[in-house]
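Working through the structure, step by step
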Amino acid sequence: MPRQKIVIDPVTRIEGHAKISLHLDEEGHVEEAYFHVTQFRGFEKFCEGRPFYEMPSLMARICGICPVSHLIASAKACDAILAVRIPEGAVRLRRVLNLAQILQSHALSFFYLSVPDLLLGMDSDPATRNVFGVMEANPAMAKDGIRLRQFGQQIVEWLAGKRIHPAWVVPGGVGSPLTAENRDRILAGIPEALAIATRALDWFKNEMERFREEIRSFANFPTLFMGLVGDDGSLEHYSGKLRFLDAGGHIVADYADTAYDNYLAEIAHPWSYLKTSFYKPLGYPDGVYRVGPLARLNIVDGIGTPRASQEWAEFRDLDRGAVLSSFYYHYARLIEILYALEKIEQLLHHPDALDSHVRAHASVNNTEGIGVSEAPRGTLMHHYKVDRDGLITWANLIIATGHNNAAMNRGVLQVARHFVHGNKLTEGMLNRVEAVIRTFDPCLSCSTHADGRLSLEVELRSHKGELLDVCHTR
Amino acid sequence: MSAHSPIRVKTLTIDGRECGAREDQTILEVARENNIFIPTLCNLPGLSNAGACRLCIVEVKGVNKLLPACVTHVSEGMEVTVNSERLAKFRRGILELVFAERNHVCSVCVTNGHCDLQSMALTLGMTHVHFPYRYPRLPVDASHERFVVDHNRCILCSRCVRVCDEIEGAHTWDIMSRGVECRVITDLAQPWGQSESCTGCGKCVQVCPTGALSEKGKSVAEMSKRRQFLPYLTLMREGRR
């Protein structure tokens, strides 16, 4: 039997465009696997020459799913250029906005993109293995997902004026304070959203039994984990120190978030527009690390809200050290939804939640600024340099999916080795290869700061490189 | 004998409506007095007329070319057409050329939602630009302490030039070069921050129809222009002459 290459193109139910190629040896075993991100965009280049205060809104255009995450990281980088400490009220409102964004994005990832696999089964008919299939099989669950995402988006709208690409987060703070009416509207919606989150968590925990094989093989290997933690080591999405944790659950180091350059490096591979980051002290590929919900719940010492804390304790019991299987990204995502709701409630109950002092004004006081925050998919870094007049001369963005790239590639290989055999391709095999990517909830339009669409294509190639079979999934 | 010669009254029709006008009035002024809408971008009450944007073109019976209403004076028996299929098509075309000429990206512009160019496109029903965009590489001058000029968003209406000359009296702004090379400049094309004539009054920023001139630090969609001052200033200065 000749060596072959299988290409899954496009990868479906993810955000952006990608394909996967699997190389099989003479025996039909998977030898190598690549996750190719096929879109290119160029934000870092075309922002050059623009005034820095346009950056939050300009950079937010990278993505329609998580514009808020970019707004936050970008505005923080701009705060650093202004060299101001923004008002406490603005920090609180930015935190609420960021959590609302995480809430809606997690709801999208879980209910819309992954529940079809989890509810209907990895091997179910691909024609109905989508959110419409979920609506038919379990309408209540589909409704829950839609409602939860809507609530997150609505909080964004009530705070920032619109759901997608609001311009409300500005260098120095936010555009306007929160009104009492909107605070009350948000608070009124929390109990229903908490009930949905709890239902989803209970369901997922019950279903986990059915996915033992996936849990064992879905990017389940030791890596480092990275993310922001608060000064006391608690779960943090807005600002803090960057923690690296090893697979055994030991803290490797806590760094200042603005010094990322000292411990992170990026390399580019010829097969993908998505750069790969790694932890410098260990080099590449040993310095592979993961970010996002799984990483965040692994690195923290505590959660800080009552119900999410309980769930977190249960979650951490899954493994002795860090929780290693990427299948548990789903689980971590649900716990974070619970946390986000509880935390938003806490923030809005703050006595100064309606404080009208929400913006600091200054001109260019630094020629360089770095902003780091936690986006739904992991740590997001915006780094700008400006000239004396505040025009951008250089920009660098490191996006969650870039941090996860090395782990995703290894995950694809692991799943493919486990499930894909010989030259007989079944749709269910390939769906698992895609599903491991979905656990990471990659956002490819963000991570390439590039252009594109995400659905999957698998190519089967001989060792000479000739194409034997192609499988498209939609 | 009086020092003033008496101003004569002329009668004309605009879109078939009979209108009375003073002989020193323009078609645009008479149309506005009679609540007849003629689109304009470079015109701004309180400033002189430049005839720069050509959006106010109208048809005059017996004249075989289109005339800009803002600089065409009335005459007796004039028959003016302001609204016709042909004019609407030309006006949209002019507007499309304005959009194609530079880099007008509304979604990330400081004046998004408060922009005369943007609202004019809506008013005239411009849905697409049928000309290829030029995408010129134009600089942003942020050297001034409080203001920024972004040539990507300039439509060369010359409002800034006129307000600076006629109202502030500084004449910091002017226009250099010709055709597609045209650009507004401060002093002798020096960075704005180094201009010796600029008083920093900011009137140019407020009269600018787009996001070309804006206050520094204003974020996307935050820059709305205040122009209420203009008629008062004009009135006060004329009164003192």
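Bear in mind the structure is a predicted one, so any value in this text is a computation, not a measurement.

1. A word on the overall build of chain A
Tallying secondary structure elements over chain A gives 16 helices and 16 strands in all. Relative to the globule expectation of 23 Å for 474 residues, the C-alpha radius of gyration of chain A, 22 Å, shows essentially globular dimensions. Its C-alpha atoms give chain A principal-axis dimensions of roughly 70 × 50 × 40 Å. Within the span of chain A, comprising 474 residues, buried residues form 57% of the whole.

2. Side note on the overall build of chain B
What chain B contains, in helices and strands, is six helices and ten strands. Expressed along its principal axes, the backbone C-alpha trace of chain B runs to roughly 55 × 50 × 30 Å. Considering only intrachain contacts with a sequence separation of at least 6, the fraction spanning at least 24 residues in chain B is 63%.

3. What about the sheet that holds strand β11 (residues 289-290) of chain A?
Read across the open sheet, the four strands follow the order β8-β7-β6-β11 (chain A); overall the sheet is mixed. Looking at the sheet topology across the chains shown, the edges are occupied by β8 (251-256) and β11 of chain A.

4. A look at the interface of chain B and chain A
Where interface size is quoted, it is often the accessible area lost as the parts come together. The interface is formed by eleven residues belonging to chain B together with 16 residues belonging to chain A. For the side of chain B that touches chain A, the per-class residue count stands at six nonpolar, four polar and one charged.

5. Comments concerning the sheet that holds strand β1 (residues 9-14) of chain B
All names here are of chain B. Across the sheet, which stays open at both edges, the five strands sit in the order β2-β1-β5-β3-β4 with mixed pairing between neighbours. Of all the strands in the sheet, just β2 (17-22) and β4 (67-68) have a single pairing partner and so form its edges. Two elements, strand β3 (residues 57-60) and strand β5 (residues 79-81), share two bridges in a ladder whose sense is antiparallel. Within the sheet, the bridge partner assigned to V60 lies in β5 and is V80.

6. Overview of the packing of helix α3 (residues 67-82) of chain A against helix α4 (residues 88-120) of chain A
Packed helices, taken two at a time, are described by their axes: the angle between them and the distance between them. Residue and element names in this part refer to chain A. Here α3 crosses α4 at 150 degrees, and the two axes come no closer than 9 Å. When the axis of α3 is compared with that of α4, the two are roughly antiparallel. Crossing handedness for the pair α3 and α4: left-handed. For the pair α3 and α4, contact is made by V68, S69 and I72 and by R94, L97, N98 and Q101, respectively. For the contact of α3 with α4, the per-class residue count stands at three nonpolar, three polar and one charged.

7. Notes on helix α6 (residues 139-160) of chain A
Between its first and last C-alpha, α6(A) extends 31 Å over 22 residues, near the 32 Å set by a 1.5 Å rise per residue. Following α6(A) by one or two positions, A:G161 adopts a phi angle in the positive range, close to 95 degrees.

8. Observations concerning the nonpolar core
In this structure, A:L159, A:I335, A:V412, A:A416, A:V433 and B:C160 are the most contacted members of the largest nonpolar core, which totals 212 residues. A total of 15 residues in this core trace back to one element, the largest contributor, which is α4(A). With sequence-adjacent residues up to four places away left out, A:I335 is seen in contact with A:L297, A:A308, A:E311, A:W312 and A:F315.

9. Re the domain arrangement of chain B
Residue and element names in this part refer to chain B. What the domain assignment lists for chain B is domain 1 (9-83) and domain 2 (88-240). At the interface, 15 residues of domain 1 touch 22 residues of domain 2. Here the side of domain 1 that touches domain 2 is built from residues that sort into twelve nonpolar, two polar and one charged.

10. Section: the domain arrangement of chain A
All names here are of chain A. Examined at the domain level, chain A breaks down into domain 1 (4-38 + 403-472) and domain 2 (221-324). Each side of the interface is counted separately: domain 1 has 17 residues, and domain 2 has 16 residues. Counting residues per element, the side of domain 1 that touches domain 2 draws most heavily on helix α14 (residues 405-419), at five residues. Looking at the side of domain 1 that touches domain 2 residue by residue, the classes come out as eight nonpolar, eight polar and one charged.

11. What about unusual backbone geometry?
Residues other than glycine predominantly adopt negative phi, and peptide bonds predominantly adopt the trans conformation. Of note, the bond from A:D9 into A:P10 is cis; its omega dihedral lies within 30 degrees of zero at -5 degrees. Cis geometry marks the peptide bond from A:Y284 to A:P285, where omega comes out at 10 degrees. By secondary structure assignment, the location of A:P285 is in the loop between β10 (276-279) and β11. The residue A:H165 is not glycine, and still its phi comes out positive at about 55 degrees. Topologically, A:H165 is positioned in the loop between α6 and β4 (169-170). Although it is not a glycine, B:D15 adopts a positive phi angle of roughly 50 degrees. The residue B:D15 is located in the loop between β1 and β2 in this model.

Calculation notes
- Residues numbered from 1 in each chain as written.
- Chains lettered and ligands numbered in written order.
- Predicted model: local features only at pLDDT ≥ 70, side-chain atom pairs only at ≥ 80, totals over all residues.
- Helix = DSSP H or I, 4+ residues; strand = E, 2+ residues; numbered from the N terminus.
- Rg over C-alpha atoms; globule rule 2.2 N^0.38 Å.
- Buried ≥ 20, exposed ≤ 12 C-beta atoms within 10 Å, placed from the backbone.
- Contact = placed C-beta atoms within 7 Å.
- Pairing = 2+ DSSP bridges.
- Nonpolar A, V, L, I, M, F, W, Y, C, P; charged D, E, K, R; others polar.
- Axes fitted to C-alpha atoms, helices over the stretch in contact; angles between N-to-C directions.
- Parallel < 35°, antiparallel > 145°, perpendicular 65-115°, else oblique.
- Left-handed = near helix turned anticlockwise from the far one by under 90°.
- Expected span 1.5 Å × (residues − 1).
- Core = buried A, V, L, I, M, F, W, Y, C linked by C-beta atoms within 7 Å.
- Domains from an automatic or database assignment.

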